[in-house]
Amino acid sequence: EYDRATKIYLSILSRDETNKHAYRRLACIAKAKGDTSATVEALNKYLKIFPGDLEGWLELAEAYTSLERYEYVKFCYEEAILIEPHDYRYPLLYADALYSLGQQKRKGNVRNPIETAKTYYIQALELCPGNVRSLFGLAMCIRCLKVTPQMQELFEWTEMEITKAYSKAGKGGRNMLNYALKALRQ
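Source: prediction; values computed, not measured.

## Topic: the layout of surface pockets
For the largest pocket, the calculated volume is near 260 Å³. Along the wall of the largest pocket there are 13 residues; nearest its centre are Thr6, Leu26, Ala30, Ala38 and Ala42. Contributing elements (two or more residues each) for the lining of the largest pocket: helix 1 (2-15), helix 2 (20-32) and helix 3 (36-49). Split into classes, the residues belonging to the lining of the largest pocket amount to 8 nonpolar, 1 polar and 4 charged.

## What to know about the packing of helix 6 (residues 89-103) against helix 7 (residues 113-127)
In helix packing, the relevant descriptors are the interaxial angle and the interaxial distance, both defined with respect to the helix axes. Packing of helix 6 against helix 7 brings their axes to within 8 Å, and their N-to-C directions diverge by 160 degrees. When the axes of helix 6 and helix 7 are compared, the pair comes out roughly antiparallel. Of the two possible hands of crossing, helix 6 and helix 7 adopt the one that is left-handed. Contact residues: helix 6 offers Pro91, Leu92, Tyr94, Ala95, Asp96, Leu98, Tyr99, Leu101, Gly102 and Gln103, while helix 7 offers Pro113, Ile114, Thr116, Ala117, Tyr120, Tyr121, Gln123, Ala124 and Leu127. Class assignment of the residues belonging to the contact of helix 6 with helix 7 gives a composition of 14 nonpolar, 4 polar and 1 charged.

## Notes on the pattern of salt bridges
Tallying each qualifying case throughout the model produces 9 salt bridges. Taking the shortest distance from any N to any O, the salt bridge between Glu71 and Lys74 comes out at 3.9 Å. Here Glu71 and its partner Lys74 are both found in helix 5 (residues 70-83), 3 residues apart, which amounts to about one turn of the helix. Overall, the relative accessible area of 7% leaves Lys74 in the buried class. Notably, a salt bridge pairs Lys164 with Glu161, separated by 3.0 Å at the nearest N-O pair. Of this pair, Lys164 and Glu161 are both found in helix 9 (residues 149-167), 3 residues apart, which corresponds to roughly one turn of the helix. For Lys164, a relative accessible area of 43% gives the class partly exposed.

## As for the side chain of Lys118
Here Lys118 is to be found in helix 7. By relative accessible area, which is 13% here, Lys118 ends up buried. Filtering out sequence-adjacent residues up to four positions away, Lys118 remains in contact with Leu138, Cys141, Leu145, Met151 and Leu154.

## Describing the packing of aromatic side chains
For the structure shown, the criterion picks out 4 aromatic pairs. Ring plane angle 25 degrees and centroid distance 4.9 Å describe the contact between Tyr64 and Tyr72, whose orientation is recorded as stacked. Judged by its relative accessible area of 41%, Tyr72 is partly exposed. Aromatic pair Tyr94 and Tyr120: ring centres 4.6 Å apart, planes at 80 degrees, arrangement edge-to-face. One end of the pair, Tyr94, is in helix 6; the other, Tyr120, is in helix 7, and 26 residues separate them in sequence. The cationic tip of Lys20 hangs over the ring face of Phe50; the distance from NZ or CZ to the ring centre is 5.8 Å.

## Re the state of the cysteines
In total, this model carries 0 disulfides according to the counting rule given. Between Cys141, a free cysteine, and Cys144, which holds the nearest cysteine sulfur, the sulfur-to-sulfur gap is 6.6 Å. Classification of Cys141 by relative accessible area gives buried; the value is 0%. Exposure remark for Cys144: the relative accessible area of 39% places this residue in the partly exposed category.

Procedures and definitions
Residues numbered from 1 in each chain as written. Predicted model: local features only at pLDDT ≥ 70, side-chain atom pairs only at ≥ 80, totals over all residues. Heavy atoms only, no water. 1 Å grid on protein atoms, 1.4 Å probe; cavity = no way out; pocket = protein on both sides within 12 Å on 5 of 7 lines; lining within 4 Å. Points joined across faces, edges and corners; volume = space filled by probe spheres on them. Helix = DSSP H or I, 4+ residues; strand = E, 2+ residues; numbered from the N terminus. Nonpolar A, V, L, I, M, F, W, Y, C, P; charged D, E, K, R; others polar. Axes fitted to C-alpha atoms, helices over the stretch in contact; angles between N-to-C directions. Parallel < 35°, antiparallel > 145°, perpendicular 65-115°, else oblique. Left-handed = near helix turned anticlockwise from the far one by under 90°. Contact = heavy atoms within 4.5 Å. Salt bridge = Lys/Arg side-chain N within 4 Å of Asp/Glu carboxyl O. Buried < 20%, exposed > 50% of the residue type's maximum accessible area, 1.4 Å probe, protein only. Phe/Tyr/Trp six-rings, centres within 6.5 Å; stacked < 30°, edge-to-face > 60°. Lys NZ or Arg CZ within 6 Å of the ring centre and 35° of its normal. Disulfide = S-S within 2.5 Å.

This is the structure:
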């Protein structure tokens, strides 16, 4: 069935090179077949023609993440930030990619991925105050960076904000909080 569908979509594209849906369907077919390389190739072709498609960039980032190609993941989230600059999720995802890049000790074009990730976790918190994932990301970055009085103060603030967030979750939340804070302090 996939081969037949692929032929149909390629036929559509031979008649209309700007058919957005045919490109997207080809990427979906590659993804459904589990062929990540073909998915990446199809999405890259699609995004060259339709660079303003946020969902396309997010799918491409997901594909690159599965390949652990964080330099490319980072670029995809940069594009997402440009398309939707007021959505906290994209600076958060960008920070996650930078943190992963920093943990792999690959620096690429980023001087210090962990320092830059910290900045984007803070941006995500400015756009969505109290976001627990951003708080944990920020705390993890601080743990990786050189301890200064300012960093220690920021870490303590982060712990306080995480405690506030989990205190509203009842007993289960408090148990999770204790586990999470213990992990952060190690």
